[in-house]
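Residue-level structure breakdown
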Amino acid sequence: MPPILIGGFFMPKFRKHFMLKYSYYLLVIFIFSTTSYGQNTQVITGRVVEYGSIHPIPGAKIEVDQTNYRSVSDSLGYFTISNVPIGRVNLVVSAFGFKSAYLTNLDLVTGKQLALTIELMEDVTSLEEVTIVSDDKQNSFNETIKVSRRQFSIEESKRYAGSLNDVQRMASNFAGITTANDQVNDIIVRGNSPSGMLFRLDGMNIPNPNHWSMPGSAGGTVSMLNSNVLRNSDFLTGAFPAEYDAFSGVFDLKSRNGNYNKHEFLVQLGFNGLEAGAEGPISKKSRATYLFNYRKSLLEILASIMSFGTGSAVPRYQDAFLKLHFPTKKAGHFSLIANGGTSKIHFVPDSEQQNNFTYEDLTSGSNTGFTGFIHQISPSSKYSFTTTLLASGVLSKTSIDNTWIDSISLSSMSEPFARNSFLDSKIELAHHAQIKLNARNYFKIGTYLDYFLGNYNQKAFVAKYDFSPKQWITGIDYKGSYIQSIVYFNYLFKANEHIDFVFGLAYKYQNLTNKQSVDPKFSALFRTSSKGAISFGTGLYSKAPTILHTSIVDYEYDAIGNVLGSQKYNTNLKYMKSWHGVLGYDHYITNHLHIKTEIYYQYLFDVVTALTKTDSISADNIYATLNDFSFAFESIPYRLGNNGKGRNYGLELTVEHSMKKGFYFLITGSLFQSEYQAVDKVWRNTRFNSNFACNGLVGKELGLAPKIKLLLDLKTSYMKGNRYIPLIESASKLKGEAVYDYDNAYQDKLPDFFRMDVRVGFKFEGKKITQEAAFEAQNITNRRNVYMQQYNPNENTITTLYQNGFLPMGFYRIYF
């Protein structure tokens, strides 16, 4: 039997009614909070350093725009501005010989000091005043990224309606992005499989940071990376610099350091869980800090004190994050980061269902964790070195049993069906050096060396041969280790104040199948004026074969299940490759309003498919990894080869108004085509070829009183449905199991997807604390978007599964 990836999603029946009551109680708590009056102020503190390093910039001027609140950085780059009135503030940061930075709409609240790390880029013109038109956010940026980049603020993930404090759900609003469904936070970049995503945190390539993650996937149901510990980061959708080992998209995430001035605390209650956080100085003299955050599933807490009824599946998960940061005067900066989480859910059909039908008793969960050590040192303004050591592990388990009530004995009966256990462990050592010859020439040279340990096992309890008894059949079996290495080089050349060029090269090798790849890159930026720029990027990108595909084993059994022999396939798979080409234009109409458009073409080759074509159209003939996604149910062919091709091309448009006087909006649209060719050499739509997607977000902050703000946010999403493989109803009824029409695979679309989310929030500024409360109505029109069609053996019919209907939820947060 070919291996099958199995998984599930949860949707407890009780949660709509529970969330209505829960939201009401949160608003009551907020309304009756203690009120204080008088002018509230706060401290802005931080450090100014040179781009891409920790080398300080002394004498930098930091001022709150159009006020007299200002400061100058000391010899180590640190600064403090005290007694700044709370509210939205803009900062102007300038230093001789560097480009100025303009940080807009920073939210200054009473319960938490505003701590910033500000990186300034050396100015090519040196003596000329730089006119700032862009809306740069408070974060370091990667100057080698010239195309297909969207820098996002963590506030956006906390505020955008429907985001649930999740950076992946927030990113689904950007141009070129579509989503798989409401249940998981998979994001589809320009028609590519979500499995091509790379997650990077502070320079470390971390595992999939989601609860209920599966091997080879890039999503889950709940994000494990808490937005309360992150700072502004980059999201990339194509033509990446050489340092990124990605195929479809990159989350280049940055964690923040704790406050080195005072101890601060956070308590947060929302649908994602009950959270508590703390941060502060370990040593005020050295400015060493700690940052800690813990979260536990709210429904799990409630399940321990009340019953939700039989048949309810309660999601049980928890996660924690810790960062310790130790700056020194001469030895550089040292950081320790640890992040881990557990998740589990058990679906048990209630007795009424068991009496009538056979149902699946399903248990699914994952344990994910990583610990990273980071050392940064800048001996001078020309050199910066970063070394990271990462240890990570992901254990994903799923078990499915068939369960029913015997009609004669009335006793509960059960039979096993499938078991999955996938363990991925990794030790990663990385180092990069950034060399600045002068203001025009930058080099970044680095390497990643990964040591992987895997233990993969997947088996099903089925009859392998006709008329033989059921027995355990193994499909995937691997226990071993392998090495993967990447060496990369980026060269940034600033020809003048208008033109930038980036040349890159990456060399990759892995001994799982003993293959290698050399990937060249090139990008350029042409500033047509102080308000506009043309960007271009191209390059070759590769993805190494995975354990999931190289560890398929075909066992031969006798009639009673004894193994007679085995054959392992796919140990010679090559890197899957893709060529990217992107052309874009970005124009600022005003300092807060800009329009951006990009056209792209992506050609994929050496795509993993079945090794050989069969005579009839079958699941093997249409299989390609370009259709993989989280919680996939498709079978994988025993024998695989690099016989496939693909192509993605499209047009994207973004119109964005950054927040000004409390108002913002974001409108994105994408027209695209995504096709692939499997082993049978027939061009088909990919699963993700929905062709069109658009999103609209708008929000407004209103001052109800000197200390109270009303926050209104609206999100609307519309996209064409994903493609699917239709079921043949007559054949399925005759055979008593699902029979698919592979002749018409991915020709038809699911119905169009439409969803509207509304968020109403309040922010209260007390003397020493800040409180926030919000009510969010997701899918306010209660449109039941289609998730999939499946064959129901109990009723011998084809049924339709739907996504979330109207779902209310509440939220409460306090800083102190």
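All residue numbers refer to positions counted from 1 along the written sequence of the respective chain. Where totals are concerned, whole chains, interfaces and linings use all residues; where local detail is concerned, this predicted model gives features only for residues with pLDDT of at least 70, and gives and counts side-chain atom pairs only at 80 or more. As a rule here, side-chain values cover all heavy atoms of the structure and leave hydrogens and water aside.

Turning next to the overall build of the protein chain. When its secondary structure is counted, the protein chain shows eight helices and 43 strands. Only protein chains enter the calculation, and the probe is 1.4 Å; a residue is then buried if its accessible area is under 20% of its type maximum, exposed if over 50%, and partly exposed in between. Considering the protein chain as a whole, with its 816 residues, one finds that 57% of them fall into the buried category. The contact criterion used throughout is that any non-hydrogen atoms of two residues lie within 4.5 Å. Of the contacts made within the protein chain by residues no fewer than 6 positions apart, 66% connect residues no fewer than 24 positions apart. As presented, the protein chain carries roughly 32,400 Å² of accessible surface, and 58% of it is formed by carbon and sulfur atoms. Secondary structure follows DSSP: runs of H or I at least 4 residues long count as helices, runs of E at least 2 residues long count as strands, and numbering of each begins at the N terminus. For every accessible area listed, the method is Shrake-Rupley and the probe measures 1.4 Å; residues are considered covered only by the protein chains on display.

This part covers the sheet that holds strand β7 (residues 114–120). Strand pairing follows a simple DSSP-based rule, namely that at least 2 bridges must link the two strands. The strand order across the open sheet built from three strands is β4-β1-β7, with neighbouring strands paired in mixed fashion. Whereas interior strands pair on both sides, the edge strands pair on one side only; in this sheet they are β4 (78–85) and β7. For this sheet, the mean angle separating the axes of adjacent strands, direction not counted, is 25°. Pairing between strand β1 (residues 41–50) and β7: seven bridges, direction parallel. Residue pairing in the sheet places E50 in a bridge with L120 of β7. Axes here refer to lines fitted to C-alpha atoms; in helices the fit is confined to the stretch in contact. Angles between the N-to-C directions go from 0 to 180 degrees.

Turning next to the side chain of Q677. Mapped onto the fold, Q677 is located in strand β35 (residues 663–677). One polar contact links the side chain of Q677 to the main-chain carbonyl oxygen of K681, over a distance of 3.4 Å. Polar contacts here mean pairs of N or O atoms no more than 3.5 Å apart (in protein, one a potential hydrogen donor and the other a potential acceptor; neighbouring residues in sequence count only if both atoms are side-chain atoms).

Quick look at the packing of aromatic side chains now. Only the six-membered ring of Trp is used, alongside the rings of Phe and Tyr, when aromatic pairs are assigned; centres must lie within 6.5 Å, and planes under 30 degrees apart are stacked while those over 60 apart are edge-to-face, with the rest tilted. Applying the stated criterion to the full structure yields 31 aromatic pairs. Taking 6.2 Å as the distance between ring centres and 70° as the angle between the ring planes, the aromatic pair formed by Y51 and Y442 counts as edge-to-face. With Y51 in the loop between β1 and β2 (61–64) and Y442 in strand β25 (residues 441–462), the pair connects residues that are 391 residues apart, well separated along the chain. With respect to burial, Y51 and Y442 carry one shared label: buried.

Patches draw on residues past 30% relative accessible area with no salt bridge. Two like charges within 9 Å are joined, as are two nonpolar side chains (Val, Leu, Ile, Met, Phe, Trp, Tyr) within 5 Å. A carboxyl oxygen of Asp or Glu within 4 Å of a side-chain nitrogen of Lys or Arg is what we treat as a salt bridge. A grouping of L336, F373, L389, I427, L429, L449, Y451, L453 and I483 is seen on the molecular surface, where their side chains present a nonpolar patch of about 730 Å² in accessible area. Of all the secondary structure elements, the ones that give two or more residues to the nonpolar patch are β24 (412–438) and β25. Looking at F373, the relative accessible area reads 38%, which means it is partly exposed.

All right, on to the pattern of salt bridges then. Applying the stated rule across the entire model yields 43 salt bridges. We note a salt bridge from R150 to E156, for which the minimum N-O separation is 3.0 Å. Residues R150 and E156 agree in their burial class; the two are buried. Taken together, the salt bridges that share partners define one network made up of R88, E155, R159, E701, K709 and D713.

Structurally, the position occupied by Q183 is in the loop between β9 (177–179) and β10 (187–189). A relative accessible area of 8% means that Q183 is categorised as buried. Considered as a pair, Q183 and Q803 are 620 residues apart in the sequence and their alpha carbons are 7.4 Å apart.

Both trends apply: most residues other than glycine have a negative phi, and most peptide bonds are in trans. The phi torsion at Q66 lies on the positive side, around 60°, for a residue other than glycine. With respect to the helices and strands, Q66 occurs in the loop between β2 and β3 (70–72). The backbone of N105 sits at a positive phi, close to 55°, despite the residue not being glycine. Counting through the fold element by element, N105 comes out in strand β6 (residues 101–108).

Here we take up the sheet that holds strand β12 (residues 204–205). Pairing in this open sheet of five strands is mixed, and the strands run β8-β15-β16-β11-β12 from one edge to the other. Only two strands of the sheet have a single neighbouring strand rather than two, namely β8 (149–152) and β12. Where strand β11 (residues 197–201) meets strand β16 (residues 249–255), five bridges bridge the pair, whose relative direction is parallel. In the sheet register, M197 faces β16, and the bridge partner there is G249.

What follows deals with the nonpolar core. In plain words, nonpolar cores are sets of buried Ala, Val, Leu, Ile, Met, Phe, Trp, Tyr and Cys residues tied together by side-chain atoms within 4.5 Å. Core analysis: the largest hydrophobic core is formed by 32 residues, its most contacted members being F152, V167, F174, M197, L201, F235 and F251. Of all elements in the fold, only α3 (167–171), β10, β11, β15 (230–236), β16, β22 (359–380) and β35 reach the threshold of two or more residues within this core. Excluding anything up to four places from it in sequence, F251 contacts F152, V167, Q168, A171, I187, M197, L198, F199, R200, D234 and F235. Counting residues in hydrophobic clusters, the runner-up holds 22 residues, among them A60, A95, L103 and L116.

Attention now goes to the pairing of β2. Two strands pair when backbone bridges link them, and β2 and β3 are joined in this way by three bridges, in the antiparallel orientation. Bridge pairing in β3 places K61 opposite V72. Connecting β2 to the antiparallel partner β3 that follows it, the hairpin turn spans five residues, and Q66 within it adopts a positive phi of roughly 60°. By the bridge criterion, four bridges tie β2 to strand β5 (residues 87–94) in an arrangement that is antiparallel. When the sheet's bridge partners are listed, K61 is paired in β5 with S94.

The next thing to look at is the pairing of strand β17 (residues 264–270). With five of seven residues buried, β17 is to be regarded as a mostly interior element. Pairing between β17 and strand β18 (residues 273–283): seven bridges, direction antiparallel. Following the sheet pairing, V267 is matched in β18 by A276. Linkage of β17 to β18, two consecutive antiparallel strands, is achieved through a turn of two residues. As judged from the five bridges shared by β17 and strand β43 (residues 807–815), these two strands associate in the antiparallel manner. Across the sheet, residue L269 finds its bridge partner in β43, namely Y812.

Before going further, it helps to examine the environment of Y541. Among the secondary structure elements, Y541 is positioned in strand β29 (residues 532–543). Between the alpha carbons of Y541 and V518 there is a distance of 8.7 Å; along the sequence they are 23 residues apart. Not counting chain neighbours up to four residues away, the residues in contact with Y541 comprise A239, F240, A246, F247, D519, K521, M576, K577, S578 and H580. Within polar-contact distance, the side chain of Y541 engages the backbone oxygen of F240 at 2.7 Å.

This brings us to the confidence of the model for the protein chain. pLDDT expresses how confident the predictor is about each individual residue, on a scale running from 0 to 100. Taken residue by residue, the protein chain gives an average pLDDT of 86. The fraction at 70 or more is 89%. Considering only residues more than four positions removed or in separate chains, one finds that residues 1–37, a stretch of pLDDT under 50, has 99 contacts. Residue range residues 126–140 is modelled with pLDDT below 50. Its contacts to residues more than four positions away, or to other chains, number 45 contacts.

This paragraph deals with the environment of Y51. Its relative accessible area of 9% is what places Y51 among the buried residues. Each C-alpha atom of the pair Y51 and L120 lies 5.2 Å from the other, and the pair is 69 residues apart in sequence. A polar side-chain atom of Y51 sits 2.7 Å from the main-chain amide nitrogen of E143.

With that settled, the discussion passes to the side chain of E656. If you trace the backbone, E656 turns up in strand β34 (residues 640–660). Polar side-chain contacts of E656 include one of 2.4 Å to the side chain of R150. Not counting residues up to four positions away in its chain, the partners in contact with E656 are R150, E156, H592, L593, H594, F665 and L666.

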